[in-house]
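Residue-level structural notes
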Amino acid sequence: MRRAALPPDALDATDRAVLNALQDGLPVTARPFAEAARQLALPESELIERVARLREIGAITRFGPFYDAEAMGGAFCLCAMEVPADRFDAVVTLVNALPEVAHNYERAHRLNMWFVLACEKPEGIAKAAKRIEGATGLTVLRFPKENEFFIGFRVKA
Amino acid sequence: MSIDATDRRIIAATSCGLPLVSAPYAEVAGWLGLTEGEVLDRVGAMQASGVIRRVALAPNHYALGMTANGMSVWDVDDAIVDDLGPQIGALDFVSHCYRRPRALPDWPYNLFAMLHGTTRDEVEEKRTKVAALLGPACRGHDILYSTRILKKTGMRLTGKG
């Protein structure tokens, strides 16, 4: 995924309107782009071409269903560890070796390693955390989500 | 909701996105040997049950200039955290917002909100806005900036029912 900002002239006003409009979700219908195109006053074919170009230049990562992995079954847990600086790289190798570790970030804090465990079944989380504790000799703090609130994130293009 | 093997095939076929054509569900149906109507019914049912949050474009916020982000964490009164959480989650610069357990004495924070901006100063401004919204119900807060991505893999999904 592109992690650098696009040059300011990469998008024209229509691209920006498309980006802003299509973040809100399209109805699940046979021709999902048709109604959005009408609202944007664009031919359907041009809307589709612009979405394809936005993907090519990396302005969007994808267009499609946003799946809730948890609703499909499976368990996730944010975890954190305090890793001594002189052991950090060795611990990264041990933690990342587990296939259950989906993301892992170094963060500027006493708790300096934050990762997400993703397992097929809830009991897999505790097992993976215990394996990491056994391999590293460090405590894994677990922060499972207890409630979810996000709905509003929109990137203004 | 329980999803069956056919739903899983649809999920696997669309997890990188829909084909960018006028009738994308018909094309997916063609890949999988299903009818367009069956794919539409199943995608619609998954959306109704929450397995699909929405069918939309996923902006690359880095490409669009939102290159700074921080994990803000808040110690909010348990009595009202579930009332305040939705207000924080509805902010357009918050991408993820969860209530999570504290880990006392190491970790007093129970509300996590990922804040995004074009610069770190802007992220700090947004942190001030969240603090103002939470008001006296918040007893302390911090923000953790990532200094390195150590691992990032896509969502793994087995084909097993």
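Definitions and limits used
- Every chain is numbered on its own, with residues counted from 1 as its sequence reads.
- As they are written, the chains are lettered A onward and the ligands numbered 1 onward, keeping that order.
- Note on the predicted model: pLDDT of at least 70 is required for a residue's local features to be given, and 80 or more for side-chain atom pairs to be given and counted; whole-chain, interface and lining totals, by contrast, use all residues.
- Heavy atoms from the whole structure form the basis of all side-chain values; hydrogens and water molecules are not counted.
- Each helix is a run of DSSP H or I of at least 4 residues and each strand a run of E of at least 2, with the numbering of both proceeding from the N terminus.
- Expected helix span is taken as 1.5 Å per residue step, with the number of steps being one fewer than the number of residues.
- Burial classes: relative accessible area under 20% of the type maximum marks a residue as buried, over 50% as exposed, and values in between as partly exposed (1.4 Å probe, protein chains only).
- It is the directions from the helix axis to the C-beta atoms whose arc is reported.
- Residue contacts follow a heavy-atom distance rule, with two residues in contact if any of their heavy atoms lie within 4.5 Å.
- UniProt positions are given in the numbering used here, feature names are shortened, and annotations may be inferred rather than shown by experiment.
- Two rings belonging to Phe, Tyr or Trp (six-membered ring only in the last case) form a pair when the distance between their centres is within 6.5 Å. Interplanar angles under 30 degrees mark stacking, angles over 60 mark edge-to-face geometry, and anything in between is tilted.
- Lysine NZ or arginine CZ positioned within 6 Å of the ring centre and within 35 degrees of the ring normal marks a charge as sitting over the ring.
- The criterion is simple. A nonpolar core is a set of buried Ala, Val, Leu, Ile, Met, Phe, Trp, Tyr and Cys residues joined through side-chain atoms within 4.5 Å.
- Buried area is understood as the total, over both parts, of accessible area removed when two parts are fitted together, assessed with a 1.4 Å probe.
- Here, a salt bridge means any Lys or Arg side-chain nitrogen found within 4 Å of an Asp or Glu carboxyl oxygen.

Looking at helix 5 (residues 120-134) of chain B
All names here are of chain B.
- Between its first and last C-alpha, helix 5 extends 21 Å over 15 residues, near the 21 Å set by a 1.5 Å rise per residue.
- Listed as buried for helix 5 are Val 123, Lys 126, Arg 127, Val 130 and Leu 134. Across the axial projection of helix 5, the buried residues extend over an arc of 110 degrees, all falling on one side. In this structure, helix 5 carries Asp 121, Glu 125, Thr 128, Lys 129 and Ala 132 as exposed residues pointing more than 90 degrees from its buried face.
- Its buried side turned inward, helix 5 meets strand 2 (68-76), helix 4 (81-89), strand 4 (111-117) and strand 5 (138-152).

Quick notes on the UniProt feature "domain: Siroheme decarboxylase NirL-like HTH" (unreviewed entry) in chain B
- Here, UniProt's "domain: Siroheme decarboxylase NirL-like HTH" (unreviewed entry) annotation points to residues 7-53 of chain B.
- Along residues 7-53 of chain B one finds 66% helix and 4% strand; the C-alpha atoms at either end are 15 Å apart.

Quick notes on the packing of aromatic side chains
- All told, the structure shown has nine aromatic pairs over all chains when counted by the stated rule.
- Relative to B:Tyr109, the ring of B:Trp107 has its centre 5.0 Å away and its plane inclined at 80 degrees; by these criteria the two rings are edge-to-face. Per residue, the accessibility class of B:Trp107 equals that of B:Tyr109, and both read buried.
- Here B:Trp107 and B:Phe112 contribute two aromatic rings whose centre-to-centre distance is 5.9 Å and whose plane-to-plane angle is 40 degrees, an arrangement assigned as tilted. We note that B:Trp107, like B:Phe112, is buried.
- An aromatic cluster is defined as three or more aromatic residues linked by ring pairs; in this entry it consists of A:Trp114, A:Phe143, B:Trp107, B:Tyr109 and B:Phe112.
- A cation over an aromatic ring shows up here: B:Arg54 above the ring of A:Phe66, its NZ or CZ 4.5 Å from the ring centre.

Some details on the nonpolar core
- Formed by 45 residues in total, the largest nonpolar core has its most connected members in A:Leu22, A:Phe33, A:Leu47, A:Val51, A:Phe63, B:Ile10 and B:Val39.
- Those elements that place two or more of their residues in this core are helix 1 (13-21), helix 2 (32-40), helix 3 (44-56) and strand 1 (60-67) of chain A together with helix 1 (5-14), helix 2 (24-32), helix 3 (36-49) and strand 1 (52-59) of chain B.
- The greatest single-element share of this core, amounting to five residues, is contributed by helix 3 of chain A.
- Residues in contact with A:Val51, not counting those within four places in the same chain, are A:Val18, A:Leu22, A:Ile60, A:Phe63 and B:Leu20.
- Core analysis: the second largest hydrophobic core is formed by 23 residues, A:Phe149, B:Leu84, B:Phe93 and B:Val123 among them.

Examining the interface of chain B and chain A
- Opposite the 79 residues of chain B that make contact, chain A presents 78 residues.
- With both sides pooled, the region where chain B packs onto chain A buries about 7400 Å², and carbon together with sulfur makes up 60% of that total.
- Sorting the residues of chain B by area buried against chain A places B:Leu20, B:Leu57 and B:Lys151 first, and these three jointly supply 11% of that buried surface.
- Our count for the contact surface shared by chain B and chain A stands at seven salt bridges.
- With a closest N to O distance of 2.9 Å, A:Glu146 and B:Arg99 form a salt bridge.

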